[in-house]
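# Architecture and fold: a report
Chain by chain, the residues run as shown.
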Amino acid sequence: MSRSTSSDDRAFAATDRRLFLKRGLQLGGAVLLGAPLLAACGDSDSSSASSGSSSGSKSFGELTLRLSWIKNVEFAGSYIADSKGYYTDEGFSKVTLIGGGPSATPMETDVVTKKALIAISAPDITGAAVAKGAPLKIIGAQYQKNPFCIMSMSKNPIAKPEDMYGKKIGVQAGNESVWAAYIKATGLDESKITKVPVQFDPLPLTQGTVDGWFSFVTNEPNTLRLKGFKVSTMLLADTGYPLVSETYCVRQDTIDNKRDLLKAFLRAEIKGWKASIADPALGARLAAETYGKGLGLTTKEQTLESADESKLLVSAGTKKNGLFTITPELVEENIKTLKYGGLDITAAKLFDLSIIDEIYKENPSLV
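## Structural notes on the environment of threonine 113
- For threonine 113, the location among the structural elements is in the loop between helix 5 (107-112) and strand 3 (118-121).
- C-alpha separation for the pair threonine 113 and arginine 251, spaced 138 residues apart in sequence, amounts to 9.6 Å.

Okay, structure coming up:
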């Protein structure tokens, strides 16, 4: 979930992104309650690949993928799949990538109303929509670990949760709910930590105003490193808050009626992301020079983010089972983590990993 918008404000846009996601949880539910009725009317996207998936042919027509944020390196695998013709090889005449942003509608709304067939999202957001009646499922996860972290200066590192005791931690308003859930999940004594309300610019950390900074491991740390600061990071996912991210969200009827299409799409994505992991600069160049051209992105910074993304994409589980798979143990950990944030949902209601599992059974060489 790297959050870059312009050459001057890349790091600070990250928290804008998180605030946007939380607003999506608040506003998206209301929109989604009425969305199934709208979706029942259908639209041009709904029939683009129906013949391909039912007949098993490789003619799926056009597909629309809704991205969770602006077109930065976060979606490197999709850029590579598009530019190298992986989507075309799988039977798509065209794949349209719809960028997100602060003014965009929630990702789940675009899927429910069929503006997009597939969206990149996160378990807490999709789960909140499902809890309000949206007919959605997660069919795979790019990030095996969520990118939330506590950033600190290397000369005074925070390496484990208890290291925050007696220290000041900068937490943005948009991250309050995640912070509260993390405190519950880890069993930390919050009275021993001074939580400081902060804005988006991590400058207070470099000045010593705070000792830790709530951020995304892919974003603010790299921005400060490029400015010459030595920083350390502690991933929440490694210290009691396991939650996958950058998940593929689809309608239940798409799973039921367009299974071959979803398999074709995911195969292309797997190939694109494997290429990105092998060469982080490849997707970074595509983001800065092509897909995100005009956003003020730089290949140097995007390459750093891409390399950090790869660490989130690859785990012991994916090395064994393939990219986007989620082990049963990790699924259960996600469900438990969501409960800390107030979302009580079952794995069966939120996840359907049968498609991604079938892909690797049918194509073991993709692992």
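From this point, the discussion proceeds with the structure in view.
## Considerations on the packing of helix 11 (residues 259-278) against helix 13 (residues 299-313)
- Direction vectors running N to C along helix 11 and helix 13 enclose 120°, while the axes themselves pass 9 Å from each other. It follows that helix 11 is oblique to helix 13 by the angle criterion. The hand of the helix 11/helix 13 crossing is left-handed. Contacts between helix 11 and helix 13 involve Trp273, Ser276 and Ile277 from the former and Ser306, Glu309, Ser310 and Leu313 from the latter.
- Its residues assigned to classes, the contact of helix 11 with helix 13 comprises three nonpolar, three polar and one charged.

## Some points on the sheet that holds strand 1 (residues 61-66)
- What the five strands build is an open sheet, ordered 2-1-3-10-4; its pairing is mixed. Only two strands of the sheet have a single neighbouring strand rather than two, namely strand 2 (92-98) and strand 4 (136-143). Each neighbouring strand pair of the sheet contributes to a mean axis angle of 25°, computed without reference to strand direction.
- Relative to strand 2, strand 1 is paired through six bridges, and the arrangement is parallel. Across the sheet, the residue bridging to glycine 61 is phenylalanine 92, located in strand 2.

## Topic: unusual backbone geometry
- Residues other than glycine seldom take positive phi values, yet glutamate 246 does so here, at roughly 55°.
- Along the polypeptide, glutamate 246 turns up in strand 10 (residues 245-251).
- Judged by relative accessible area, glutamate 246 falls into the buried class, the value being 0%.
- Of note, the phi angle at phenylalanine 324 is positive, near 75°, even though the residue is not glycine.
- Looking at the secondary structure, you find phenylalanine 324 in the loop between helix 14 (316-321) and helix 15 (328-340).
- For phenylalanine 324, a relative accessible area of 0% gives the class buried.

## Some thoughts on helix 17 (residues 354-362)
- Among the residues of helix 17, those classed as buried are Ile355, Ile356, Ile359 and Tyr360. Along helix 17, the residues classed as buried sweep out an arc of 135° about the axis, all on the same side.
- In this fold, the buried residues of helix 17 make contact with strand 4, helix 10 (252-257), helix 11 and helix 14.

## Observations regarding the pattern of salt bridges
- Scanning the entire structure with this criterion turns up 13 salt bridges.
- One salt bridge connects aspartate 163 with lysine 160, and the closest N-O pair in it is separated by 2.9 Å.
- Judged by its relative accessible area of 19%, aspartate 163 is buried.
- Salt bridges here are not isolated pairs; linked through shared partners, they connect Arg259, Lys263, Glu358 and Glu362.

## Some thoughts on the pairing of strand 3
- Alternating residues of strand 3 divide into Ile118 and Ile120 and Ala119 and Ser121, and every residue in both groups is buried.
- Bridge count between strand 1 and strand 3: two bridges; the pairing is parallel. Note on strand 3: the bridge partner recorded for arginine 66 is alanine 119.
- Alignment of strand 3 against strand 10, held across four bridges, turns out to be antiparallel. For isoleucine 120, the partnering residue across the bridge sits in strand 10 and is tyrosine 248.

## So, the pairing of strand 7 (residues 194-198)
- Of the pairings in the sheet, the one linking strand 6 (residues 168-172) to strand 7 comprises five bridges and is parallel in character. Within the sheet, the bridge partner assigned to glutamine 172 lies in strand 7 and is valine 198.
- Handedness of the crossover joining strand 6 and strand 7 through helix 7 (residues 176-186) is recorded here as right-handed.

## Comments concerning the sheet that holds strand 8 (residues 212-216)
- Judged by pairing direction, the sheet is mixed, and its five strands sit side by side in the order 7-6-8-5-9 without closing on themselves. Of all the strands in the sheet, just strand 7 and strand 9 (231-235) have a single pairing partner and so form its edges. Along the sheet, successive strands turn relative to each other by an average axial angle of 35°, direction set aside.
- Note that strand 6 and strand 8 share two bridges and pair parallel. Across the sheet, the residue bridging to glycine 170 is tryptophan 213, located in strand 8.
- Along the sheet, helix 7 contacts strand 5 (148-153), strand 6, strand 7, strand 8 and strand 9; its crossing angle with strand 6, the most-contacted strand, is approximately 135°.

## Digging into helix 13
- Taking 1.5 Å as the rise per residue, helix 13 with 15 residues should run 21 Å; its terminal C-alpha atoms sit 20 Å apart, in good agreement.
- Along helix 13, the residues classified as buried are Glu301, Gln302, Glu305, Ser306, Asp308, Glu309, Ser310, Leu312 and Leu313.

## Overview of the packing of aromatic side chains
- In this structure the tally under the stated criterion is nine aromatic pairs.
- Taken together, a centroid distance of 5.7 Å and an interplanar angle of 85° make the contact between tyrosine 248 and phenylalanine 265 edge-to-face. One end of the pair, tyrosine 248, is in strand 10; the other, phenylalanine 265, is in helix 11, and 17 residues separate them in sequence. The residues tyrosine 248 and phenylalanine 265 share a single accessibility class, namely buried.
- Aromatic pair tyrosine 248 and phenylalanine 324: ring centres 5.1 Å apart, planes at 65°, arrangement edge-to-face. A residue pair is termed long-range when its members are at least 10 positions apart, and tyrosine 248 in strand 10 and phenylalanine 324 in the loop between helix 14 and helix 15 qualify at 76 residues.
- Classification of tyrosine 248 by relative accessible area gives buried; the value is 0%.

Criteria and cut-off values
Residues numbered from 1 in each chain as written. Predicted model: local features only at pLDDT ≥ 70, side-chain atom pairs only at ≥ 80, totals over all residues. Heavy atoms only, no water. Helix = DSSP H or I, 4+ residues; strand = E, 2+ residues; numbered from the N terminus. Axes fitted to C-alpha atoms, helices over the stretch in contact; angles between N-to-C directions. Parallel < 35°, antiparallel > 145°, perpendicular 65-115°, else oblique. Left-handed = near helix turned anticlockwise from the far one by under 90°. Contact = heavy atoms within 4.5 Å. Nonpolar A, V, L, I, M, F, W, Y, C, P; charged D, E, K, R; others polar. Pairing = 2+ DSSP bridges. Buried < 20%, exposed > 50% of the residue type's maximum accessible area, 1.4 Å probe, protein only. Arc of directions from axis to C-beta. Salt bridge = Lys/Arg side-chain N within 4 Å of Asp/Glu carboxyl O. Right-handed = clockwise from strand over helix to strand, strands pointing away. Expected span 1.5 Å × (residues − 1). Phe/Tyr/Trp six-rings, centres within 6.5 Å; stacked < 30°, edge-to-face > 60°.

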